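Observations on chain architecture
What follows is each chain in one-letter form.
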Amino acid sequence: VAAADDAVTETPPRRTIGWNARYALRRAGFIGLAYALLLALSLMILMPLGWMITVALKPDNVPVFTLPPQWFPSEYWEWGNFGRALTDPARPFLRYTVNTLIIVGGEIAGTLFSCSLVAYAFARLRWRGRDLLFNLLIITMLIPWQVLMIPQFLMFFKVGWYGTFLPLIVPAFFGNAFFIFLIRQYMRTIPRELELAARVDGCNHFQVFWHIVLPLCKPVLAVCVVFVFLGGWNDLLGPLIYLDSNDKFTVAIGMANMVTRADPNLNLLMAANLIMMIPAVLLYFFAQEKLIGGIASVGLKG
Amino acid sequence: VGDLGSHHVTEPATARRRARRPRKTKAARREERAGFLFASPWLIGTLVFLIGPIVASMLLSFTNWNLISDAKWEGLENYRDMVGDRNFRQSIKVTLFYAILAVPLFQLAGIALATLLNLRLRGMYLFRTILFLPAVLSGVAVAVLWAQLLNPDLGIINQVLRAIGIDDPPRWLQSPSWAVPAVVLMGLWGVGSGAIIYLAGLQNIPPQLYQAAKIDGARTWRTFWHITLPLLTPTLLFTLLIGVIGAFQVFDVAYILGGSRGGTRGALLFYVLNMWNEGFRNGRFGYASALAWVLVVVAAIVIVLIFRTSSRWVYYESEGG
């Protein structure tokens, strides 16, 4: 009964009706089942990750696969594996990390700049063709990007950008339908009064956008930063197409090469894999609300 | 004020329209200019990075261009070649098998998990944090990890299966028939990211409806069937679209788990991987463009079909009054 009192499900029980021993017993059983499920599912997420950390911390000559499996590190703490993965001359993950951060930084700057401007045009300004173009914007979200990869590659190849970060960064400065949509939806929830007042005071459209609207949009811009970071950090296909030398590679390509080309030491492979996961996980813990809220709002507005 | 012309039906249409449109003020003209200016990054980007490439890829798909020699016009040759192309057929098979397996399974699992995470229990924040975690993990990193977990002889999955009495567990990625289910299994591990959207959908349902059902004496299951599910259908439509488009686009996982050749006997030769192979490994950019166009057309047909049927099963609150 105490357990049932502690935890209240979807709608609080109405004590006036049906509050008897059988009801309480059923609720307690239900809650116990829910906790058991949640615990089992959480372990299913955590145990493979724990196994990975265990392997990453093992010395070279220790068997990786054991019976029974070791879910969490207990015996070996070979922290040097991370250093080796970061500075390995054949696959320098430190270099890869810096490269990826440069690309992602460029993408973030480009996305914030272009998408907020365009979103303002769609959210607030009246201009001919706006509604038609907004429909076009929605449709372009449904086009699989991979369809464009060949002509885009040929275009960037002709311009001489093959083997540089530019094909990965520059398109971000020309807007992305998804982020424009996201920011535009947010801008429409901001009350107009402030903008009108600023207009009356003689601000031009850009000043209103820059001084009034943009500061109010910080929450949605943060969501965009999180999404762009994750997308860029985790992207494999783009860098695979455009980058051709080891000193330009990203973390994702480094991992792919490590897995597919050689027969690597599994402990170093898992150490490198953790290096790839850690920034995303850190971001997750610092910006969980933004991230979850962002994904949720996309689902509701889409 | 604006429809001065509406009584003069006999007037030419242009004159009438001109009369109806109020003359733009200076401020309106300025706003018009600002609108174009603000939108110009996207307008330029759409022309250069979207419409240009789409037209180019259509033209390319009729040629045999390979970057080295000059392109030669071949008409529908590339499209005809697909009919007898073993890799093309295999890639269609793999992608369809994956889509049919993964899309409904991920939806069911996502709704089930979201329902569980929507209970008001102590410590739920912690469970949500753990179960949503795969949403941020890269497909590459997860695939690298799961390649080890799915190792047929030493991997943990098969160790567990043997421990519960299955003596001859599947060889997963090394087996032509189990490779795609293995990828789906891996996706199920990350189903928490999909559950975020369903959870938002669930929390968007007005609590009054549940209270009303409770007063009417409806059981949990009936409440779910008659209130939760209908009100969740707009979310379902969204995730169905995202899921189907995503299934057509699988690349990272296939590349990591099966390599560029697409795994054992092409068991992981997903459509985009095959397209990438033809273009960037074999240098057949014309043929790869044709493959891209087939993907566009198929995706478009599926999306239109989903929207067409959606009016029958998607419930919009406003319609109900």
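Residues numbered from 1 in each chain as written. Chains lettered and ligands numbered in written order. Predicted model: local features only at pLDDT ≥ 70, side-chain atom pairs only at ≥ 80, totals over all residues. Heavy atoms only, no water.

So, the pattern of salt bridges
Residues and elements named next belong to chain B. Under the counting rule described, the total for this entry stands at eight salt bridges over all chains. Here Glu-77 makes a salt bridge to Arg-80, at a shortest N to O gap of 3.4 Å. Here Glu-77 and its partner Arg-80 are both found in helix H3 (residues 77-84), three residues apart, which amounts to about one turn of the helix. With relative accessibility at 31%, the residue Glu-77 sits in the partly exposed group. Arg-80 sits in the exposed class, given a relative accessible area of 53%. Of the charged contacts in the structure, one is a salt bridge between Glu-278 and Arg-284, with a shortest N-O distance of 3.3 Å. (Salt bridge = Lys/Arg side-chain N within 4 Å of Asp/Glu carboxyl O. Helix = DSSP H or I, 4+ residues; strand = E, 2+ residues; numbered from the N terminus. Buried < 20%, exposed > 50% of the residue type's maximum accessible area, 1.4 Å probe, protein only.)

Describing the packing of aromatic side chains
Enumeration over the complete set of coordinates arrives at 44 aromatic pairs over all chains. Measuring from ring centre to ring centre gives 5.8 Å for A:Phe229 and A:Trp233, while their planes differ by 10°; the resulting arrangement is stacked. One end of the pair is A:Phe229 and the other is A:Trp233, both in helix H11 (residues 218-234) and four residues apart, which spans about a single turn. By relative accessible area, which is 14% here, A:Phe229 ends up buried. The buried category is assigned to A:Trp233, whose relative accessible area is 1%. Seen from their ring centres, B:Trp221 and B:Trp225 are 6.0 Å apart, and the 25° between their planes marks the pair as stacked. Note that B:Trp221 and B:Trp225 are positioned in helix H11 (residues 220-248) at a spacing of four residues, about one turn of the helix. Each residue in the set A:Phe153, A:Phe156, A:Phe157, A:Trp161, A:Tyr162, A:Phe174, A:Tyr242, B:Phe49, B:Phe280 and B:Phe285 is aromatic and connected to the rest through ring pairs, giving one cluster. (Phe/Tyr/Trp six-rings, centres within 6.5 Å; stacked < 30°, edge-to-face > 60°.)

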